[in-house]
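Single-letter residue listing:
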Amino acid sequence: MTTPAPLDEMSKQIIEHLQEDGRQSYATIAKAVGLYEAAVRQRAQRMLDAGVMQIVAVTDPLQVGFHRQAMIAITVEGDLRPVGDALTEMPEVSYVVTTAGSVDLLAEVVCEDDAHLLSLLTERIRTLPGVRSTETFVYLKLNKQHYNWGTR
């Protein structure tokens, strides 16, 4: 795994402006950070192309027809990578991390309802080769979902 080059302060400022409002024009950001609009556009495009950032619309799952969210803790026997890779390919899975601790992987899922979650768990996740156990944490309420932590 290669280590990405550190971001300079100007790129960090651009990211922070986009985290505040991803719909801001490059002209508005340019004025705020003291660059030309073309320079902001080029820097933003380089960061997008490099996978440093994404610009996306974040929704409230309940408002768009998904009535069940959960975090699934997964314990794996053997190599974790194939299970992690398989999870990332599932459209219901929005987030996957490899962890250190009592479980090996955490996967956040967004499902239409409990039946959809049950089907995902029993037919697709628990049947993956290497999955030893799962523990599901059903979300009762989404208290906070923000992506504006800045670049520190």
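Quick caveat: nothing in here was measured; it's all calculated off a predicted structure.

1. Some thoughts on the nonpolar core
Generally speaking, a soluble globular protein has its nonpolar side chains buried in company with each other.
Okay, so step 1: Counting 18 residues, the largest nonpolar core has Ile74, Leu87 and Val109 as its most contacted members.
Okay, so step 2: Of all the elements in the fold, those that place two or more residues in this core are strand S1 (68-76), helix H4 (81-88), strand S3 (105-111) and helix H5 (114-125).
Okay, so step 3: When sequence neighbours within four positions are dropped, the list of residues in contact with valine 109 reads Arg68, Gln69, Ala70, Ile72, Glu92, Val93, Leu117 and Leu120.
Okay, so step 4: Counting 10 residues, the second-largest nonpolar core is a separate cluster that includes Ile15, Val33, Val40 and Met53.

2. Observations regarding H5
Okay, so step 1: Listed in full, the buried residues belonging to H5 are His116, Leu117, Leu120, Leu121 and Ile125. Viewed end-on, H5 has its buried residues packed into an arc of 135°, placing them on one side of the element. Seen from the open side of H5, the exposed residues pointing more than 90 degrees away from its buried face are Ala115, Leu118 and Glu123.
Okay, so step 2: Where H5 is buried, its residues contact S1, H4, S3 and strand S4 (131-138).

3. Here's the deal with the environment of alanine 30
Okay, so step 1: Here alanine 30 shows up in helix H2 (residues 26-33).
Okay, so step 2: Exposure remark for alanine 30: the relative accessible area of 4% places this residue in the buried category.
Okay, so step 3: Distance from alanine 30 to threonine 127, taken between C-alpha atoms, is 50 Å for residues 97 residues apart in sequence.
Okay, so step 4: Not counting the four nearest positions on each side in its chain, alanine 30 is found in contact with Leu35, Tyr36, Glu37 and Val40.

4. Quick notes on a nonpolar patch on the surface
Okay, so step 1: On the surface, Val56, Val58, Tyr147 and Trp149 cluster together into a nonpolar patch covering about 430 Å² of accessible area.
Okay, so step 2: Position of valine 58 relative to the elements: it lies in the loop between helix H3 (37-49) and S1.
Okay, so step 3: Among the residues examined, valine 58 registers a relative accessible area of 47% and is labelled partly exposed.

5. Notes on the packing of helix H1 (residues 9-20) against H2
Okay, so step 1: Relative orientation of the contacting elements H1 and H2 amounts to 130°, with a least axis distance of 10 Å. On the basis of their axis angle, the class for H1 and H2 is oblique. The two elements H1 and H2 cross, and the hand of that crossing is right-handed. When H1 is examined against H2, the residues Met10, Gln13, Ile14, His17 and Leu18 are found in contact with a partner set consisting of Ile29, Ala32 and Val33.
Okay, so step 2: Per-class residue counts for the contact of H1 with H2 are six nonpolar, two polar and no charged.

6. Some points on the sheet that holds S4
Okay, so step 1: With antiparallel pairing, the four strands of this open sheet are ordered in space as S2-S3-S1-S4. Both edges of this open sheet fall to strand S2 (93-98) and S4, since each of them pairs with a single strand only. Between one strand axis and the next, the sheet turns through 20° on average, direction left out of account.
Okay, so step 2: In the sheet, S1 pairs with S4 via seven bridges, with the strands oriented antiparallel. Across the sheet, residue methionine 71 finds its bridge partner in S4, namely phenylalanine 137.
Okay, so step 3: Each of S1, S3 and S4 is contacted by H5, which is oriented at about 20° to S1, the strand it contacts most.

Rules used throughout
- Residues numbered from 1 in each chain as written.
- Predicted model: local features only at pLDDT ≥ 70, side-chain atom pairs only at ≥ 80, totals over all residues.
- Heavy atoms only, no water.
- Core = buried A, V, L, I, M, F, W, Y, C linked by side-chain atoms within 4.5 Å.
- Buried < 20%, exposed > 50% of the residue type's maximum accessible area, 1.4 Å probe, protein only.
- Helix = DSSP H or I, 4+ residues; strand = E, 2+ residues; numbered from the N terminus.
- Contact = heavy atoms within 4.5 Å.
- Arc of directions from axis to C-beta.
- Patch = residues over 30% accessible without salt bridge, like charges linked within 9 Å, V, L, I, M, F, W, Y side chains within 5 Å.
- Areas by Shrake-Rupley, 256 points an atom, 1.4 Å probe, with all protein chains shown as cover.
- Salt bridge = Lys/Arg side-chain N within 4 Å of Asp/Glu carboxyl O.
- Axes fitted to C-alpha atoms, helices over the stretch in contact; angles between N-to-C directions.
- Parallel < 35°, antiparallel > 145°, perpendicular 65-115°, else oblique.
- Left-handed = near helix turned anticlockwise from the far one by under 90°.
- Nonpolar A, V, L, I, M, F, W, Y, C, P; charged D, E, K, R; others polar.
- Pairing = 2+ DSSP bridges.

Shape descriptors only; they carry no functional weight alone.
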